[in-house]
Amino acid sequence: MQHDHISDTSASDTSDTSASDTSGNDRAWMRRALEAAATARTRTAPNPWVGAVVVTTDGRVFTGATEPPGQRHAERVALDAAREAGADLTGATVYSTLEPCSHHGRTPPCAEALVAAGVGRVVSAVGDPDPKVAGRGHELLRAAGIRVDQGVLAAEAAEQLAAYLHHRRTGRPYVVLKLAATLDGRTAAADGTSQWITGPEARAEVHRLRAESGAVVVGAGTVRADDPSLTVRHVVGPDPRRVVLGTAPAGAKVHPCTEWRGSLPDLLDHLGADGVLQVLVEGGAKVAASFHRARLVDRYVIHLAPALMGGDDGSAMLSGLGAGTIGDLWRGHIASIRRLGPDLEIQLVPQEHP
């Protein structure tokens, strides 16, 4: 948590208005809330990683981010920071990246804490689709006479919370498929070697994805060929649950793991029921193709190295038969492109995704 002081007090207005009327100050404070939320990404699951900013009527600013399960949510962290500094919360404006919770779980409702604090306005980026909340947090605030605005930096917040929002809407984890290839689309040489196509920056990014995912999935063939540990090493974060499609050899580094022999949809239902919000698929071309053809991938993260295999005898990104005609191509849209050291990262989402 942190606090500082500003001279601008315009955010203290408590009249009712829509989010479309909000000022640049609202966007600036919500951006700070998003930055706070990013610091909590790997520690809150199965709860959402939320950031909050409290701006008092005399211009003092306090930030908070959600703590590990069973501890304080972002709004309470920011409110407590303000109280510890002796700030007057009466009429304050609170910015939160997600609608404040309204139900009793392992912690009391944040909406009730905001009412008790006497704040005058709450600005939320997105509503919470969890059936236990789903608008009730905002309703509780409005019933107490607190002005509520929603939609400030909504797209950015929805992107940051994509895995949580997907899980709460579908009951299944958000599926990220990671692929690393040469520019001519090969993931391994003819002899099966693939370490390393991409550079250290791209590999570190894969470890970040593992840390953000509740589970990582590979096929038994990948375990036999590469004997990966699938732990988090190049960044700070928790190790994911390891899932092998099939049977992992005794003594493989992936142990202890879940060995799955059922269908992929059933696997996602099982993991979702266990509170896994995001799954990272790191399997080979066969596993990748299985998730892709079943239309189970929510985001493709493709790392391309400035290298050419130079032939068609290496492994492709997806195995099996592809589109029989150009009209049958799978199409998505590019969500982002960036450099990772010498490599290029392309993130691709299906067309039906926002």
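Going by the structure above, here's the rest.
The rules we used
- Numbers given to residues run from 1 along each chain, matching the order in which its sequence is written.
- It should be noted that, the model being predicted, local features are given only for residues of pLDDT at least 70 and side-chain atom pairs only at 80 or more, the latter also being counted only at that level, while totals for whole chains, interfaces and linings use all residues.
- Processing note: side-chain calculations cover all non-hydrogen atoms of the structure and skip hydrogens and water entirely.
- In this description a helix means any DSSP run of H or I spanning at least four residues, a strand means any run of E spanning at least two, and both kinds are numbered starting from the N terminus.
- Buriedness of a pocket was judged along seven lines, with at least five required to meet protein on both sides within 12 Å; pockets are open sets of points on a 1 Å grid over the protein atoms alone, cavities are sets where a 1.4 Å probe fits but cannot get out, and lining residues have an atom within 4 Å of a point.
- Grid points are joined across faces, edges and corners, and a volume is the space filled by probe spheres set on the points.
- In this count, Pro and Cys sit with the nonpolar residues alongside Ala, Val, Leu, Ile, Met, Phe, Trp and Tyr, while Asp, Glu, Lys and Arg are called charged and the others, Gly among them, polar.
- Salt bridges are defined by distance alone: a side-chain nitrogen of Lys or Arg within 4 Å of a carboxyl oxygen of Asp or Glu.
- The nonpolar core is taken to be a set of buried Ala, Val, Leu, Ile, Met, Phe, Trp, Tyr and Cys residues, with the residues joined through side-chain atoms within 4.5 Å.
- Buried means the residue's accessible area, taken with a 1.4 Å probe over protein chains only, is under 20% of the maximum for its type, while exposed means over 50%, and partly exposed covers the values in between.
- Should any heavy atoms of two residues lie within 4.5 Å, those residues are counted as being in contact.

**A few points about unusual backbone geometry**
Then, number 1: Residue Ala 45 is joined to Pro 46 through a cis peptide bond whose omega torsion reads 10 degrees.
Then, number 2: A cis amide bond, omega -5 degrees, links His 255 with the succeeding residue Pro 256.
Then, number 3: Its location among the elements puts Pro 256 in the loop between strand S10 (241-245) and strand S11 (258-260).
Then, number 4: Phi at Leu 230 takes a positive value of approximately 60 degrees, unusual for a residue other than glycine.

**Description of the layout of surface pockets**
Over the atoms rolls a probe the size of a water molecule, and in doing so it shows where empty space is left.
Then, number 1: A volume near 880 Å³ is recorded for the largest pocket.
Then, number 2: Broken down by secondary-structure element, the contributors of at least two residues to the lining of the largest pocket are strand S7 (174-182), strand S8 (186-188), helix H7 (200-212), helix H8 (220-226), helix H10 (285-293) and strand S14 (315-316).
Then, number 3: The dominant element in the lining of the largest pocket, judged by the number of residues it contributes, is H7, at five residues.
Then, number 4: Of the residues that constitute the lining of the largest pocket, the class distribution is 14 nonpolar, 13 polar and eight charged.

**Structural notes on the pattern of salt bridges**
Then, number 1: Under the defined criterion, the tally for this structure stands at 17 salt bridges.
Then, number 2: We note a salt bridge from Asp 149 to Arg 121, for which the minimum N-O separation is 2.7 Å. With a gap of 28 residues between them, Asp 149 in strand S6 (residues 147-150) and Arg 121 in strand S5 (residues 121-126) connect regions that are remote in the sequence.
Then, number 3: Among the salt bridges present, the one from Glu 345 reaches Arg 338, with a minimum N-O distance of 2.8 Å.
Then, number 4: Each of Arg 41, Glu 205, Arg 208, Glu 212, Arg 338 and Glu 345 takes part in a single network of salt bridges with overlapping partners.

**Remarks on the nonpolar core**
Most often, soluble globular proteins keep nonpolar side chains buried together rather than apart.
Then, number 1: Judged by nonpolar contacts, the single largest core of 61 residues is most densely connected at Met 30, Val 54, Leu 79 and Val 119.
Then, number 2: In contact with Val 119, other than residues within four places in its own chain, are Leu 79, Leu 89, Gly 91, Ala 92, Val 94, Leu 114 and Ile 146.
Then, number 3: Among the nonpolar cores identified, the runner-up in size contains 26 residues, and Val 243, Leu 268, Phe 291 and Leu 348 belong to it.

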